[in-house]
Amino acid sequence: MLAGSPDVLTPAEIKAGLKTSLIGKNIHYFKETESTNIVAREMAGSVEEGAVVIAEAQTGGRGRLGRKWLSPEGGIWLSVVLKPRMQPLHAPRLTLLAGVAVAKTIRSYGLPAKIKWPNDVLINGKKVCGILTEIGAELDAIQYVVVGMGIDANVDMETFPGDIRDSSTSLKNELGNDINRVEFVQRLLLELEVLYLKFQKEGFSSIMEEWRIMSATIGEWVKITTQARSMYGEAIGVDSEGALILETSDGKLEKIVAGNCEHLRRAHGS
Ligand code: BTN
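Residues numbered from 1 in each chain as written. Predicted model: local features only at pLDDT ≥ 70, side-chain atom pairs only at ≥ 80, totals over all residues. Heavy atoms only, no water.

Draft legend 1. The overall build of the protein, seen in detail. Secondary structure assignment for the protein yields 7 helices and 12 strands. For 270 residues, the compact-globule formula gives about 18 Å, and the C-alpha radius of gyration of the protein, at 18 Å, lands near that figure. Principal-axis analysis of the C-alpha atoms gives the protein an extent of 60 × 45 × 30 Å. For the protein, buried positions account for 50% of its 270 residues. Total accessible area computed for the protein in this model is approximately 12800 Å², and 50% of it derives from carbon and sulfur atoms. A distance of 2 Å separates the average location of the 31 positive side-chain charges in the protein from that of its 34 negative side-chain charges. (Helix = DSSP H or I, 4+ residues; strand = E, 2+ residues; numbered from the N terminus. Rg over C-alpha atoms; globule rule 2.2 N^0.38 Å. Buried < 20%, exposed > 50% of the residue type's maximum accessible area, 1.4 Å probe, protein only. Areas by Shrake-Rupley, 256 points an atom, 1.4 Å probe, with all protein chains shown as cover. Lys, Arg positive; Asp, Glu negative; His and termini not counted. Charge placed at Lys NZ, Arg CZ, Asp CG, Glu CD.)

Draft legend 2. Summary view of the nonpolar core. Ranked by internal contacts, the top residues of the largest apolar core, which has 62 residues, are Ile106, Met149, Leu171 and Leu189. Both domain 1 (11-213) and domain 2 (221-265) contribute no fewer than three residues apiece to this core. Leave out the neighbours within four places in its chain, and Leu189 touches Ile14, Leu18, Thr20, Ile23, Gly24, Val52, Leu78 and Val80. (Core = buried A, V, L, I, M, F, W, Y, C linked by side-chain atoms within 4.5 Å. Domains from an automatic or database assignment. Contact = heavy atoms within 4.5 Å.)

Draft legend 3. Representation of the pattern of salt bridges. Here the structure, examined in full by the defined rule, presents 17 salt bridges. Linking Asp178 and Lys172 is a salt bridge whose minimum nitrogen-to-oxygen distance equals 3.5 Å. A relative accessible area of 24% means that Lys172 is categorised as partly exposed. Sharing partners across several salt bridges, the network here consists of Lys104, Glu191, Lys198 and Glu210. (Salt bridge = Lys/Arg side-chain N within 4 Å of Asp/Glu carboxyl O.)

Draft legend 4. Region of the structure containing the packing of aromatic side chains. Within the structure shown, the criterion is met by 2 aromatic pairs. With 5.8 Å between their ring centres and 75 degrees between their planes, Phe199 and Phe204 make a pair best called edge-to-face. With respect to burial, Phe199 and Phe204 carry one shared label: buried. Positioned above the aromatic ring of Tyr109 is the side chain of Arg187, whose terminal nitrogen or guanidinium carbon lies 4.3 Å from the ring centre. (Phe/Tyr/Trp six-rings, centres within 6.5 Å; stacked < 30°, edge-to-face > 60°. Lys NZ or Arg CZ within 6 Å of the ring centre and 35° of its normal.)

Draft legend 5. Main features of unusual backbone geometry. The step from Trp117 to Pro118 runs through a cis peptide bond, and the omega angle for that step is -5 degrees. With respect to the element layout, Pro118 can be found in the loop between β4 (113-116) and β5 (120-123). The phi dihedral of Leu65 is positive, around 55 degrees, even though this residue is not glycine. For Leu65, the position within the fold is in the loop between β2 (52-58) and β3 (76-82). Its relative accessible area of 56% is what places Leu65 among the exposed residues. The backbone of Asn124 shows a phi angle near 50 degrees, a positive value even though the residue is not glycine. As for its placement among the helices and strands, Asn124 is situated in the loop between β5 and β6 (126-137).

Draft legend 6. Region of interest: the sheet that holds β4. In spatial order, the strands read β1-β2-β3-β7-β6-β5-β4; together these 7 strands make up an open sheet with mixed pairing. Two strands lie at the open edges of the sheet, namely β1 (27-33) and β4, each paired on one side alone. Across the sheet, the mean angle from the axis of one strand to that of its neighbour is 20 degrees, orientation sign disregarded. Sheet topology note: the β1/β2 ladder contains 6 bridges and is parallel. From the neighbouring strand, Ile27 faces β2, where its bridge partner is Val52. (Pairing = 2+ DSSP bridges. Axes fitted to C-alpha atoms, helices over the stretch in contact; angles between N-to-C directions.)

Draft legend 7. Region of interest: the packing of helix α3 (residues 92-107) against helix α6 (residues 181-202). One way to put it is that α3 packs onto α6 with a least axis distance of 9 Å and a crossing angle of 135 degrees. Viewed along their axes, α3 and α6 adopt a mutual orientation that is oblique. Every pair of crossing elements has a handedness; the one defined by α3 and α6 is right-handed. Judged by residue contacts, Arg93, Leu94, Leu97, Ala98, Val100, Ala101, Val102, Lys104, Thr105 and Ile106 of α3 engage Phe184, Arg187, Leu188, Glu191, Leu192, Leu195, Tyr196 and Phe199 from α6. (Parallel < 35°, antiparallel > 145°, perpendicular 65-115°, else oblique. Left-handed = near helix turned anticlockwise from the far one by under 90°.)

Draft legend 8. Here's a closer look at the site of the ligand. The environment of the ligand is formed by 19 residues, the closest being Ser35, Gln58, Arg62, Arg64 and Lys127. One of the side-chain N or O atoms of Thr36 is found 3.1 Å from a nitrogen atom in the ligand. A distance of 3.0 Å is found between a nitrogen atom of the ligand and a side-chain nitrogen or oxygen belonging to Gln58. When residues of the shell around the ligand are traced back to their parent elements, those giving at least two are α2 (36-43), β3, β6 and β7 (142-151). For the shell around the ligand, the element with the highest residue contribution is β6, accounting for 4 residues. Here the shell around the ligand is composed, by residue class, of 5 nonpolar, 10 polar and 4 charged. (Near = heavy atom within 4 Å. Polar contact = N/O pair within 3.5 Å; in protein donor to acceptor, adjacent residues only side chain to side chain. Nonpolar A, V, L, I, M, F, W, Y, C, P; charged D, E, K, R; others polar.)

Shape is all these values report; function is a separate question.
As structure tokens, then:
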């Protein structure tokens, strides 16, 4: 880190070089909090669209499917409040959009980031970012969407327990040095804003095109676990809404809207 630029994610530091006009206009900073998603949901009704909640560490970070999310210092734990005019059923679009924004930001550091369906960002097959989207909605109208992103930026992988350590990585681990987290957040918020505005102007298909280009899942053999069942097959594509199209071993096509996806090792030579 350069002398005179401490590696803290305070609003003043982030805003100093931020090129957005919507996302990050208001930033709420915590040295430590339970979960930025919880804080963002609590304030969602009273803040403007684009508000950001960011923390140096989370004591109760939340992951998808009720899992815990380890959030030590050195990572980037942030949530963005959005208020799009759209039906609740379309909210997953914003999760996919956020995955594209994170992957593009990581690629700007020269790292080969890819997206595992629906929205884990991987580098060389290892998870570097997870995204948790939560909504507040009436039956047919969204009140707010909180998009929570957790990026293992300057995290030492040795501090993670074995099972997570084997399947995860950090930007520091991949680059061999610390990154400037303030700059990363500035790039990420800009990327998010550009994609969010593009989505509103041109529709979701333009975002899905970018998603497909960076997909780690299309063409892979996968195990999909939904609330109802598990399925094996080849991920042959994603539809215009981001649902995964699976060709199962008995040749049937299944469309999966939500679930957990595991990439399987291919049989040798296949
Ligand atoms: C996943 O399970 O992959 C999603 C992880 C999402 C973690 C981020 S960190 C910032 C925000 N606050 C939370 O409590 N969770 C999300």
